[in-house]
Amino acid sequence: MTTTQTNDFSKGSVAGNILRLAVPMTVAQLINVLYSVVDRMYIGRLPDASGNALTGLGLTFPIISIVTAFANLFGMGGSPLFSIERGRGNLEKARVIMGNTFALLVGTGVVLTAVILLIKQPLLYAFGASDATYPYANGYITIYLCGSVFVMIGLGMNNFINAQGFGRKGMMTVLLGAVTNIVLDPIFIFLLDMGVQGAALATIIAQFFSTVWAVSFLRGKRTLIRLEPSAMKLQLKLVGQIIGLGFSSFVMAITNSIVQVACNSTLQTFGGDLYVGVMTIINSVREVVSTPINGVTNAAQPVMGFNYGAKEYKRVRTGILFTTILCVVYTTVVWLLLFLFPRFFIGLFSNETALREAAVPSMHIYFFGFFMMSLQMAGQSAAVALGRSKQAVFFSLFRKVVIVAPLTLLLPHLLGLGVTGVFLAEPISNFIGGGACYITMLLTIWREMRRKEKAPLTE
């Protein structure tokens, strides 16, 4: 089967290629964030139990992060390989990479659902649940897990739509689901009086529609490389390559889960349900404001990967520089807005006075130096795009496991910091982890691209 090679990222402006993907991808990811954010906005306004319900929902974040981690492991591992092979003109190998990724997402999704459903009760209590908040956490996560296969397929396979240059089609994948979720949420939560269970049901129905759209497009005639059943037979060597490259994204998501567990359990000890609720609000705000960074860095990956495969090394460096500048400017502006107007952002999720007042100083601490996080994202994005999985994995682990998690557990015990110590761990990790990751990228990837520019015939 022959496929016309379009969406050639080695042509035209590098910044233009990135933005052409980044705008719809960012919009798509913002819409995707609405799945959970809108749930929290509604749950935070339930009569009589909004605080406990919102806190209960926050306790499910680590489990949802685990599901997301496996979607990233395969989806964000397979798509850069797919982009590199497409840049080399190896279209059949690219097709097999996509088929293997799909099979991994489906199989892992089924196993993951069964395992977590079996151990959800001890997990939630270990994550900081109390007798008051457990029923809400359990009600939400039980229904959510029943649709986690759809979550994984929708998230994982949408990367292959974007990797072929169809940013708008990728945006439609999540737009369809988000609109469905927004429409169904108030019906299930309030009209049918289903509460947190209604929010979960609306989410998985929405994810089902997203999955149908994504798979239908990849099986259709308009895609450049089709998803074929014949390409889904697992090849162990290829599976290893997909997992190896996706492991950094997996580690980022799974370490988010670890950090959330550490935060919730420590906050439960030092501040009770109130501060677990505060962290739920802060996590919600972080999800929203971090989305454009994710959109830009994810959009840059297929562009840089394609150019790397095509041996256009100067264009790879241009992509790294553009991504860095854009992300740093954006995060600096966001940091100022969060510092000056914290009550506006907090008020989107809760009207409870005690919760809102406790969240203001916590937010000021947590987001201090937010711009440094963008350096980590830009550095890791370049590593993933060029297939340097070990480098990307190392800095994912370094920031979250080596810095954030230990500080989250230790700082509250030092100098009487208490809950302040939990929120202080994040900015410290941003400065140390972000700086180390980006400097290493400059000394390795950036330097290598410059060397290959000067000796193109021998590389």
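Whatever comes next refers back to the structure up there.
In what follows, the accompanying structure is described. All values derive from a computational prediction rather than experimental measurement. Per chain, residues are indexed from 1 in the order of the written sequence. Two thresholds apply to this predicted model, a pLDDT of at least 70 for residue-level local features and 80 or more for giving and counting side-chain atom pairs, whereas whole-chain, interface and lining totals are computed over all residues. The basis for every side-chain value is the complete set of heavy atoms in the structure, and neither hydrogens nor water enter the calculation.

Focus: helix α9 (residues 236-271)
For step 1, the next point in the chain: Where α9 bends most, the angle comes to about 45°, and this point is Phe 247.
For step 2, the next point in the chain: The helix count covers DSSP runs of H or I at least four residues long, the strand count covers runs of E at least two residues long, and both are numbered beginning at the N terminus. Just downstream of α9, Gly 272 is the residue with a positive phi angle, here 75°. What we call the bend at a residue is the angle made by axes fitted to the seven residues finishing there and the seven residues starting there.

Quick word on the side chain of Asn 159
For step 1, the next point in the chain: Along the chain, Asn 159 falls in helix α6 (residues 148-163).
For step 2, the next point in the chain: On the basis of relative accessible area, Asn 159 is assigned to the buried category, the value being 17%.
For step 3, the next point in the chain: Residue contacts for Asn 159: discarding those within four places in its chain leaves Gly 75, Met 76 and Ser 79. The rule is simple: take the accessible area with a 1.4 Å probe, protein chains only, and divide by the maximum for that residue type; under 20% is buried, over 50% is exposed, in between is partly exposed. Any pair of residues with heavy atoms lying within 4.5 Å of one another is described as a contacting pair.

Points about the packing of helix α15 (residues 389-410) against helix α16 (residues 419-454)
For step 1, the next point in the chain: As a packed pair, α15 and α16 sit with axes 9 Å apart at the nearest point and diverge in direction by 160°. In terms of orientation, α15 and α16 fall into the roughly antiparallel class. For the pair α15 and α16, the sense of crossing is right-handed.
For step 2, the next point in the chain: Along the lines of polarity and charge, the residues of the contact of α15 with α16 split into 13 nonpolar, eight polar and three charged. An axis is simply a line fitted to the C-alpha atoms; with a helix, the fit covers only the stretch in contact. Between two such axes, the angle follows the N-to-C directions and lies from 0 to 180 degrees. Each angle receives one of four descriptions, namely roughly parallel if under 35 degrees, roughly antiparallel if over 145, roughly perpendicular if within 65 to 115, and oblique otherwise. Less than a right angle of anticlockwise turn of the near helix away from the far helix marks a crossing as left-handed, whereas a clockwise turn marks it as right-handed. By the convention adopted, Pro, Cys, Tyr, Trp, Phe, Met, Ile, Leu, Val and Ala count as nonpolar, Lys, Arg, Asp and Glu as charged, and the other residues, Gly among them, as polar.

Topic: helix α11 (residues 313-340)
For step 1, the next point in the chain: Given a rise of 1.5 Å per residue, 28 residues ought to cover 40 Å, and the 42 Å separating the end C-alpha atoms of α11 matches this to within 8%.
For step 2, the next point in the chain: Along α11, the residues that are buried comprise Tyr 313, Arg 315, Val 316, Arg 317, Gly 319, Ile 320, Thr 323, Thr 324, Cys 327, Thr 331, Val 334 and Leu 338. Any helix carries an expected span of 1.5 Å times its number of residues minus one.

Some points on the nonpolar core
For step 1, the next point in the chain: Ranked by size, the top nonpolar core spans 131 residues in total, and within it Met 157, Val 285, Ile 320, Phe 367 and Phe 423 carry the most contacts.
For step 2, the next point in the chain: Ranked by residues supplied to this core, first place goes to helix α10 (residues 273-309) with 16 residues.
For step 3, the next point in the chain: Leave out the neighbours within four places in its chain, and Phe 423 touches Leu 267, Tyr 275, Val 278, Met 279, Ile 282, Ser 362, Ile 365 and Tyr 366. For the purposes of this section, nonpolar cores are sets of buried Ala, Val, Leu, Ile, Met, Phe, Trp, Tyr and Cys residues that join through side-chain atoms within 4.5 Å.

Comments concerning the packing of aromatic side chains
For step 1, the next point in the chain: Only rings of Phe, Tyr and Trp enter the pairing, Trp through its six-membered ring, and a pair is recorded when the two centres are within 6.5 Å. The plane angle decides the type: under 30 degrees is stacked, over 60 is edge-to-face, the rest tilted. Tallied over the full model, the rule gives 19 aromatic pairs.
For step 2, the next point in the chain: Measuring from centroid to centroid gives 5.4 Å for Trp 335 and Phe 368, while their planes differ by 85°, and the two rings are edge-to-face. One end of the pair, Trp 335, is in helix α11; the other, Phe 368, is in the loop between α13 (353-366) and α14 (371-385), with 33 residues separating them in the sequence.
For step 3, the next point in the chain: Pairwise contacts between aromatic rings join Trp 335, Phe 368, Phe 371 and Phe 431 into one cluster.
For step 4, the next point in the chain: Comment: the charge-over-ring label is applied if NZ (Lys) or CZ (Arg) is within 6 Å of the ring centre and within 35 degrees of the ring normal. We note Arg 317 situated over the ring of Trp 446; from NZ or CZ to the ring centre the distance is 4.8 Å.

Looking at the pattern of salt bridges
For step 1, the next point in the chain: What makes a salt bridge here is a side-chain nitrogen of Lys or Arg within 4 Å of a carboxyl oxygen of Asp or Glu, nothing more. Under the defined criterion, the tally for this structure stands at ten salt bridges.
For step 2, the next point in the chain: In this structure, the salt-bridge partner of Arg 88 is Glu 85, at a minimum N-O distance of 3.2 Å. Here Arg 88 pairs with Glu 85, and both are found in helix α3 (residues 61-88), just three residues apart, close to one helical turn.
For step 3, the next point in the chain: Its relative accessible area of 7% is what places Glu 85 among the buried residues.

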